[in-house]
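Spelled out, the chains give:
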Amino acid sequence: MSRTSRLSAAVLTALLAVLLSLVVAPASSATPPGGSHHGGPPGADPAEDLLVIGHRGASGYRPEHTLASYELAARMGADYLECDVVSTADAVLVCRHENEISGTTDVADRPEFADRQTTKTVDGVELTGWFTEDFTLAELQTLRAVERLPELREENTLYDGLFAVPTLDEFLQLREDLSRELRREIGAYIETKHPTYFDGIGLSLEEPLVADLREARLDRRNSPVFLQSFETTNLRELDAAGVEVPLVQLLSASGAPADLVAAGQPYTYADLSTAVGLAVISRYADGVGPEKNQVIPLAEDGTLGEPTSFVADAHAVDLLVHPYTFRNENAFLPAELDEGTDPAAYGRALEEQLAFWEAGVDGIFTDNPDTGVLTRDLFEDAELSPAA
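One structure accompanies this document, and this report is about it.

1. As for the overall build of the chain
Alright, step 1. A tally of helices and strands in the chain yields 14 helices and 11 strands.
Alright, step 2. A burial count over the chain gives 52% of its 388 residues as buried.
Alright, step 3. Relative to all contacts within the chain whose residues are 6 or more apart in sequence, the contacts with residues 24 or more apart total 68%.
Alright, step 4. As displayed, the chain has an accessible area near 16,100 Å², and 52% of this comes from carbon and sulfur atoms.

Written out as structure tokens, the structure reads:
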């Protein structure tokens, strides 16, 4: 090992002490050195079940984070439904991708809320719009969802104005109802959005999240739930609080966790995505959610490159790997998989997803759950065939 490599490893190893020091209470000493103590839900073994996660529901077909989107994802065969949670002014968790809601609701067209438009800084980014924390739940539920990507998903605009903003409780109840109706367990994959920001305005996400899970009887070791975050401190706090469902550290190809930036720490997602960084994550989490290009990067010409060591490094420390986000449109596909020049047209998404299943991922986040189910079936059939 070169001197530079030794120094890098030493610096990254020190990240463990930093992460441990940034939480209010220490994590359980029962955590084994090589991985989390959570255990995970049935079927969480990466050698057993490959998961299709409905990204914000079936957001390729319905406005995201609506009960209609979640229901369609389940009916298409998704194993888990993803809900991003933010807070209202009265501390109720609701399902929105961001707390700024001008792009996902009709709030800008509501004159009664015109005076709520404001400018805020969230995780270092200045945003102008309307924010969930400035609305009570009753006010928020008068709004209706709209398609976030109308230029790419014009068909989804057919449903603009039909669906309300759901609460986390409503999401969890729908999960239970659909599990009963479809006679299979459908899981909840919940992300806390901007937890450091919400802590700073007195609307902590973790306590109401834990309370909602307990009320739904989904706080047990084998509950069909994953909790995820792009930040590190709140995952450690959930771990320390005795939350037993699996925790997932979200990662990115760029930037740094907002909590570490706020604490003045220099560590980035790139640091956390190394073999040493993944070993650190394994002390408090059960899985990682990397940006898909961290698993298979794009070449200089925009085509799909060769897999990195990310999956092998994560599996070496018993972490599940659930990359994001797989979408069918040309705009989101590697260059060689485009069909025609229309960015909204579907390309050869099956080939992209098959490459990731072959790279060893344990699940995928997709806006098109039916496509994810199909590629998983094709991959598993090929693995089981005599010629494989």
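From this point on, the discussion continues.
2. Remarks on the environment of Gly289
Alright, step 1. One can find Gly289 in strand β9 (residues 287-289).
Alright, step 2. Judged by relative accessible area, which is 0%, Gly289 ranks as buried.
Alright, step 3. Remark: the alpha-carbon pair of Gly289 and Ser252, spanning 37 residues in sequence, is separated by 8.4 Å.
Alright, step 4. Those residues in contact with Gly289 that sit more than four places away from it in its chain are Val248, Gln249, Leu250, Leu251, His322 and Tyr324.

3. Quick notes on the pairing of strand β7 (residues 225-229)
Alright, step 1. A large share of β7 lies buried, amounting to 5 of its 5 residues.
Alright, step 2. The alternating pattern of β7 places Val225, Leu227 and Ser229 and Phe226 and Gln228 on opposite faces, both of which are buried.
Alright, step 3. Bridge count for strand β6 (residues 187-192) against β7 is 4 bridges, and the pairing is parallel. Looking at β7, one finds that Ala188 is bridged to Val225.
Alright, step 4. In this structure, β7 lies alongside strand β8 (residues 247-250), joined through 3 bridges in parallel fashion. Bridge pairing in β8 places Leu227 opposite Leu247.
Alright, step 5. Since β7 and β8 lie parallel, the crossover through helix α7 (residues 233-240) that links them has a hand, and here it is right-handed.

4. Structural notes on the environment of Pro290
Alright, step 1. Here Pro290 is to be found in the loop between β9 and α11 (292-295).
Alright, step 2. Here Pro290 falls in the buried class, since its relative accessible area comes to 0%.
Alright, step 3. Each C-alpha atom, one on Pro290 and one on Pro323, is 4.8 Å from the other, the two residues being 33 residues apart in sequence.
Alright, step 4. Excluding residues that lie within four positions of it along the chain, Pro290 makes contacts with Leu251, Val295, Phe310, Val321, His322, Pro323 and Tyr324.

5. Brief notes about the nonpolar core
Alright, step 1. Core analysis: the largest hydrophobic core is formed by 74 residues, its most contacted members being Leu168, Phe171, Ile190, Leu227, Leu278, Ile281 and Val288.
Alright, step 2. Take this core: its biggest share by element is 5 residues, from helix α4 (residues 168-182).
Alright, step 3. In this structure Leu227 touches Ile190, Leu209, Leu213, Leu235, Leu238, Val243, Val245, Pro246, Leu247 and Val248, once residues within four positions along its chain are discounted.
Alright, step 4. Counting residues in each nonpolar core, the second largest holds 9 residues, with Leu51, Phe226, Leu320 and Tyr324 among its members.

6. As for the packing of helix α2 (residues 67-75) against α4
When two helices pack together, their arrangement is captured by the angle between the axes and the distance separating the axes.
Alright, step 1. The interhelical angle for the contact between α2 and α4, taken along N-to-C directions, is 30°, at an axis separation of 11 Å. On the basis of the axis angle, α2 is roughly parallel to α4. Note on packing geometry: the crossing formed by α2 with α4 is right-handed. Packed against α2, whose contacting residues are Leu67, Tyr70, Glu71, Ala74 and Arg75, the element α4 presents Glu170, Phe171, Leu174, Leu178, Glu181 and Leu182 at the interface.

7. Comments concerning the side chain of His65
Alright, step 1. The topology assignment puts His65 in the loop between β1 (51-54) and α2.
Alright, step 2. Side-chain polar atoms of His65 contact the side chain of Asp84, separated by 3.1 Å.
Alright, step 3. Among residues more than four places away in sequence, those in contact with His65 are Arg56, Tyr70, Glu82, Cys83, Asp84, Cys95, Arg96, His97 and Pro166.

8. What to know about the pairing of β8
Alright, step 1. Judged by which residues are buried, β8 turns out to be covered on both faces: Leu247 and Gln249 on one side and Val248 and Leu250 on the other are all buried.
Alright, step 2. Sheet topology note: the β8/β9 ladder contains 3 bridges and is parallel. Paired with Val248 across the two strands is Gly287, which belongs to β9.

9. Describing the packing of aromatic side chains
Alright, step 1. A complete count under the given rule lists 11 aromatic pairs for this structure.
Alright, step 2. Summarising the aromatic geometry, the rings of Tyr80 and Tyr189 are spaced 6.1 Å apart at their centres and angled 80° between planes, so their arrangement reads as edge-to-face. Of this pair, Tyr80 sits in strand β2 (residues 80-87) while Tyr189 is found in strand β6, placing the two residues 109 residues apart along the sequence. Of the two residues, Tyr80 and Tyr189, neither departs from the other in class, the shared state being buried.
Alright, step 3. Consider the rings of Phe230 and Tyr269, whose centres lie 6.2 Å apart with planes at 75°: the pair is edge-to-face. Here Tyr269 lies in helix α9 (residues 269-272) and Phe230 lies in the loop between β7 and α7, a separation of 39 residues in the sequence.
Alright, step 4. With relative accessibility at 24%, the residue Phe230 sits in the partly exposed group.
Alright, step 5. Residue Tyr269 is classed as buried on the basis of its relative accessible area of 6%.
Alright, step 6. Above the face of the Phe326 ring, Lys292 is positioned so that its terminal group lies 5.2 Å from the ring centre.
Alright, step 7. Positioned over the ring face of Phe332 is Arg327, at 4.8 Å from the centre of the ring.

10. Considering a nonpolar patch on the surface
Alright, step 1. On the surface, a cluster of nonpolar side chains totalling about 220 Å² of accessible area is made up of Leu350, Leu374 and Leu378.
Alright, step 2. Here Leu350 lies in helix α13 (residues 349-358).

Conventions and cut-offs
- Residues numbered from 1 in each chain as written.
- Predicted model: local features only at pLDDT ≥ 70, side-chain atom pairs only at ≥ 80, totals over all residues.
- Heavy atoms only, no water.
- Helix = DSSP H or I, 4+ residues; strand = E, 2+ residues; numbered from the N terminus.
- Buried < 20%, exposed > 50% of the residue type's maximum accessible area, 1.4 Å probe, protein only.
- Contact = heavy atoms within 4.5 Å.
- Areas by Shrake-Rupley, 256 points an atom, 1.4 Å probe, with all protein chains shown as cover.
- Pairing = 2+ DSSP bridges.
- Right-handed = clockwise from strand over helix to strand, strands pointing away.
- Core = buried A, V, L, I, M, F, W, Y, C linked by side-chain atoms within 4.5 Å.
- Axes fitted to C-alpha atoms, helices over the stretch in contact; angles between N-to-C directions.
- Parallel < 35°, antiparallel > 145°, perpendicular 65-115°, else oblique.
- Left-handed = near helix turned anticlockwise from the far one by under 90°.
- Polar contact = N/O pair within 3.5 Å; in protein donor to acceptor, adjacent residues only side chain to side chain.
- Phe/Tyr/Trp six-rings, centres within 6.5 Å; stacked < 30°, edge-to-face > 60°.
- Lys NZ or Arg CZ within 6 Å of the ring centre and 35° of its normal.
- Patch = residues over 30% accessible without salt bridge, like charges linked within 9 Å, V, L, I, M, F, W, Y side chains within 5 Å.
- Salt bridge = Lys/Arg side-chain N within 4 Å of Asp/Glu carboxyl O.

Shape is all these values report; function is a separate question.
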